[in-house]
Each structure stands twice: as structure tokens, then as C-alpha cells.
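Structural overview
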Amino acid sequence: MDWKRHLNVSEIDKWVDIMLQHSFDEEEWFLARDSLIKILESNEKHADENAIRSYISCCAEAVGGSFPLPSLNDSVIEFYHQYGMDSAKNKKV
């Protein structure tokens, strides 16, 4: 899969461990990851892979009991617009 090119084996293993704890498929996780990274960039912010993984995991946990299960990507975007991301840092100029 395309996203794996950008991550080392250790990071991929961490993503897999998180994904197995929730009901969303792999494609949804990495669509949400890409969207979050783009939102951060548009706000001139960045976050490390651990912070991104934790944020999306929290979003998955928050909506995981919903029926029908909402889009993880939409949930991440909505949560970001409502609450921001405390662990994101401003890009250095």
C-alpha cells in the first residue's frame, strides 16, 4: 500500500496495533491520516507520527460505538475543526 512507503517498519507495526483495536479498515485509517496531515499543513502546523496516530485513535474510540459506524476520515476532520489538536506544533519559519 502507498502509505507504507513513507513509514519505517516500527511505525507500520504501531499503526497495525492501533488499527486492530478498532472497527475501521486500513484504508480509512490512512485516509484519515492523510487528511489530518493536510489540515495541519494548511494551518501551518505539524505533528509527529505518534501524535497523529494517537489523535486518530482517540477519534476512532469516540465514534466507535456509533451505529451506523461513521467515516473515520469525516470524524477526524470534524473533531479537528471543533477541538483542534493540542499536540500539533507551529511550523518554524
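Residues numbered from 1 in each chain as written. Predicted model: local features only at pLDDT ≥ 70, side-chain atom pairs only at ≥ 80, totals over all residues. Heavy atoms only, no water.

With that settled, the discussion passes to the packing of aromatic side chains. For the coordinates displayed, the defined rule picks out three aromatic pairs. Between W15 and W29 the ring centres are 6.2 Å apart and the planes differ by 75 degrees, which places this aromatic pair in the edge-to-face class. Here W15, found in helix α1 (residues 9-19), pairs with W29, found in helix α2 (residues 26-42); they are 14 residues apart in sequence, far enough to count as distant. Taken individually, W15 and W29 each receive the classification buried, so the pair is uniform in this respect. Between F79 and Y83 the ring centres are 5.8 Å apart and the planes differ by 45 degrees, which places this aromatic pair in the tilted class. Note that F79 and Y83 are positioned in helix α4 (residues 72-83) at a spacing of four residues, about one turn of the helix. We classify F79 as partly exposed; its relative accessible area is 21%. (Phe/Tyr/Trp six-rings, centres within 6.5 Å; stacked < 30°, edge-to-face > 60°. Helix = DSSP H or I, 4+ residues; strand = E, 2+ residues; numbered from the N terminus. Buried < 20%, exposed > 50% of the residue type's maximum accessible area, 1.4 Å probe, protein only.)

Attention now goes to the environment of L72. Here L72 shows up in helix α4. Sequence separation between L72 and D13 is 59 residues, and the spatial gap between their C-alpha atoms is 20 Å. Other than its neighbours up to four places away in sequence, L72 contacts F24, E28, W29, A32, I56, C59 and A60. (Contact = heavy atoms within 4.5 Å.)

This part covers unusual backbone geometry. In most cases, non-glycine residues show a negative phi, while peptide bonds are predominantly trans. In this model, F67 is joined to P68 through a cis peptide bond whose omega is -5 degrees. Relative to the elements of secondary structure, P68 occurs in the loop between α3 (49-63) and α4. Within the chain, E44 stands out as a residue other than glycine whose phi angle is a positive 55 degrees. Tracing the backbone through its elements, the reader meets E44 in the loop between α2 and β1 (45-46).

Here the focus is the nonpolar core. In a soluble, globular protein the nonpolar side chains are often hidden away together inside. W15, W29, L36, I56, L72, V76 and M85 are the most contacted members of the largest nonpolar core, which totals 25 residues. Leave out the neighbours within four places in its chain, and M85 touches L36, L40, A47, A51, I52, Y55 and Y80. (Core = buried A, V, L, I, M, F, W, Y, C linked by side-chain atoms within 4.5 Å.)

Within the secondary structure, N73 is located in helix α4. With relative accessibility at 11%, the residue N73 sits in the buried group. Those residues in contact with N73 that sit more than four places away from it in its chain are L31, A32 and S35.

Moving on, we get to α1. Helical geometry: 3.6 residues make up each α-helical turn, so side chains three or four residues apart lie on a common side. Among the residues of α1, E11, I12, W15, I18 and M19 are the ones counted as buried. Down the axis of α1, the smallest arc covering the buried residues is 125 degrees, so these residues share one side. Where α1 is buried, its residues touch α2 and α3. (Arc of directions from axis to C-beta.)

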